[in-house]
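The lines below spell out each chain.
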Amino acid sequence: MQATSAALPSPPRSRMARSLRRVLLAAITVVLAAILGYLYLKTEGADFKRQNEVLAALRELKEFDSRWDVDILRIHTEVTPPQSLPPDQGATLARIERELTAASEALGSPVLARGLPDLAAAISQKAAMLEKFRQANAVARQALAEVVASDVEIAGLVRGSWRDFRERERLVAAESASVNLIAESQRYYFTPSDERRAVIESILADLRKAGPRVPPALRSGLERLDRRVRELLETKPAEQALFARLNFMTAGPRIDSVTAAFSRELEAALLEQEFYRSYLVTYSGALLILIGYLATRLIASYRLLNIANEELERRVVERTRELSEALKQLKESEAQLIQSEKMSSLGQMVAGVVHEINTPLAYVKNSLGSVAGRLQDLARLAAETEKLLDLLRSGAANPQELAEQFGLTERLIAQLRAHHALEELDALAKDGLHGIGQISEIVGNLRNFSRLDRSKVASFNLNEGLDSTLAIARHELKHHTVKKNYGDIPPITCSPSQINQVFLNLVNNAAQALGPGPGEIRITTRREGAGHVAVEVADNGKGIPPEVLPKIFDPFFTTKEVGKGTGLGLSIVYKIVEQHGGSISVDSSVGVGTRFTVVLPLQPPTSAAV
């Protein structure tokens, strides 16, 4: 007995051994998976799209810088204004910078992380300097244009003074000096130097001396030429200084340096990837052999599990069938309760519609009765007028009889005029048409509310649906003020009749919360984010107590008296909004009022049960 006891391990030791084997197996699996994951990450394909985007952005930036250099030279050397730079150059530079920054973050490139800030600073500095240069060049070019325009002006003033001025040699000298000054100004614009500036200053001094000895008109022209040349001498040095600074600010070498460094970094990454790929292939082969061995062991275990699974499946099928039957019964009960609530709402709505139709119908009935009474007088007038016409047509009528008939017709007409019969008939017809129009409007609102002439799911404007609902619930709202604050919202795809049911329940609840006295209901629509719209129905009624608020959407919960509510109105509202993929929330303060907010998507999700 002692030998036998020593040969058999105790149950606790056996369980501990199995636990240790499981822990060891799990540890080995984690290590093998970690090695595989590490090798896979190291051999993961490079983001060639991002890398190509970086190279393309750098090339585009290089071309942009080259175009800048060409444009700077053209602006500096051409007299006529060149075509301006593209208006979106700032946007283009910002886009390139964003692309390079995003690519640097996505790739984790040290080269881009080091080089991009300096490159961006250089480009921004050059762009700012270029804008200053263009402005200074425009001022200098305008000054030169005004100087050149003075040539024609001075020549015209000389010709105008030729006849009246005796000392014509002075006119010729002034004109010659002006032409020389304009020519020197043009040379100074293209090749500014201190020597040319000194020559221009000398000519300006001579012209100032000659000014008092020439006619006043020519003297004024020379003074204007002097001011224009002075303006050119003041603006050109600043433009030339900016041009010189721009020549030493090219960002091309920096772009080339970043591009070359990034290319070398990319080549090194590809070589490292190939190195780890060879290890991954070898390691994967070893794992496949191990997995094959484990698969044979699992197949044997799987066969044993099949028997247990078949029994489990049989039990699951039986349980599923029982649950399906219970769910079917529950849905039938729920449908009956919902239909009961809808019929209750329909009864209230029909009562209100009947009351609204009775008033215009009374207009029509009374108007038609009054018209019928007046028709007898008109019929008699028509008959007597017909007799008068017959006597006139006969040509042989007794004058006395004709006079009597004429007098009778005239008296009938006077009687109708005295009673304002035609005006009364016109007013009665308008009253009748007004009543018919109100009835037609009510019927149209009822049709729009029910949406029976449309498919179950359609594009629906919530503002129109709210107007139809308010028209249908007019009887319930006759003692209250309704303020509408409709926003510019797009139509949504939904079941219009169900959404109108939501609006009617919320509006009726608000009216009932206000009680018989006067109150205010505020209805607001607005966009909610990019893909939703929101509808708010608020009142200034008695509010909902905090302990009741969490229960208002529960089925059969009601605060009304027994027999006056089923407790399903807000439950139905919650279910309809949920089926459309939306949400409903409530804010309430006792003594202040309540606000319900319904948020609906423009397009219901595919999982929505609309």
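These numbers were taken from a predicted model, which means no experiment stands behind them. (Residues numbered from 1 in each chain as written. Predicted model: local features only at pLDDT ≥ 70, side-chain atom pairs only at ≥ 80, totals over all residues. Heavy atoms only, no water.)

Would you explain the sheet that holds strand E7 (residues 593-601) in this entry?
Where strands meet in a sheet, backbone hydrogen bonds hold them as pairs that are either parallel or antiparallel. In space, the five strands of this open sheet follow the order E2-E4-E5-E7-E6, with mixed pairing throughout. Each edge of the open sheet is held by one strand with a lone partner, namely strand E2 (481-485) and strand E6 (583-589). Looking at each pair of strands side by side, their axes are set apart by 15° on average, direction ignored. Pairing of E6 with E7 involves seven bridges; the strand directions are antiparallel. Among the inter-strand pairings, Asp587 is bridged to a residue of E7, identified as Arg595. (Pairing = 2+ DSSP bridges. Helix = DSSP H or I, 4+ residues; strand = E, 2+ residues; numbered from the N terminus. Axes fitted to C-alpha atoms, helices over the stretch in contact; angles between N-to-C directions.)

Would you take a moment to explain the packing of helix H7 (residues 194-210) against helix H8 (residues 216-247) for this structure?
Helices that pack against each other are described as a pair by the angle of their axes relative to one another and the distance between those axes. One can describe the packing of H7 onto H8 by two numbers: an axis separation of 11 Å at closest approach and a directional angle of 160°. Put simply, H7 runs roughly antiparallel to H8. Seen from above, H7 lies across H8 with left-handed handedness. For the pair H7 and H8, contact is made by Arg197, Ile200, Glu201, Leu204, Leu207 and Arg208 and by Leu222, Leu225, Asp226, Val229, Arg230, Leu233 and Pro237, respectively. For the contact of H7 with H8, a count of residues per class yields eight nonpolar, no polar and five charged. (Parallel < 35°, antiparallel > 145°, perpendicular 65-115°, else oblique. Left-handed = near helix turned anticlockwise from the far one by under 90°. Contact = heavy atoms within 4.5 Å. Nonpolar A, V, L, I, M, F, W, Y, C, P; charged D, E, K, R; others polar.)

I'm lost on the pairing of strand E5 (residues 532-539) in this one. Help?
Taken across its eight residues, E5 has seven buried, putting it largely inside the fold. For strand E4 (residues 520-528) and E5, the ladder comprises eight bridges, and the chain directions are antiparallel. Bridged to Ile521 within E5 is Asp539. In this antiparallel pair of consecutive strands, E4 and E5, the connection spans three residues, and Gly529 shows a positive phi of 75°. Direction of pairing for E5 relative to E7: antiparallel, over a ladder of eight bridges. Looking at E7, one finds that Asp539 is bridged to Thr594. (Buried < 20%, exposed > 50% of the residue type's maximum accessible area, 1.4 Å probe, protein only.)

What is the right way to read the pattern of salt bridges from this model?
Two side chains carrying opposite charge are able to pair once their charged atoms lie near each other. Applying the stated criterion to the full structure yields 18 salt bridges. Here Arg228 ties to Glu153 by a salt bridge, and the two come within 3.3 Å at their closest N and O atoms. Taken together, the residues span a long stretch of sequence, with Arg228 in helix H8 and Glu153 in helix H5 (residues 110-161) at a distance of 75 residues. On the basis of relative accessible area, Glu153 is assigned to the partly exposed category, the value being 22%. (Salt bridge = Lys/Arg side-chain N within 4 Å of Asp/Glu carboxyl O.)

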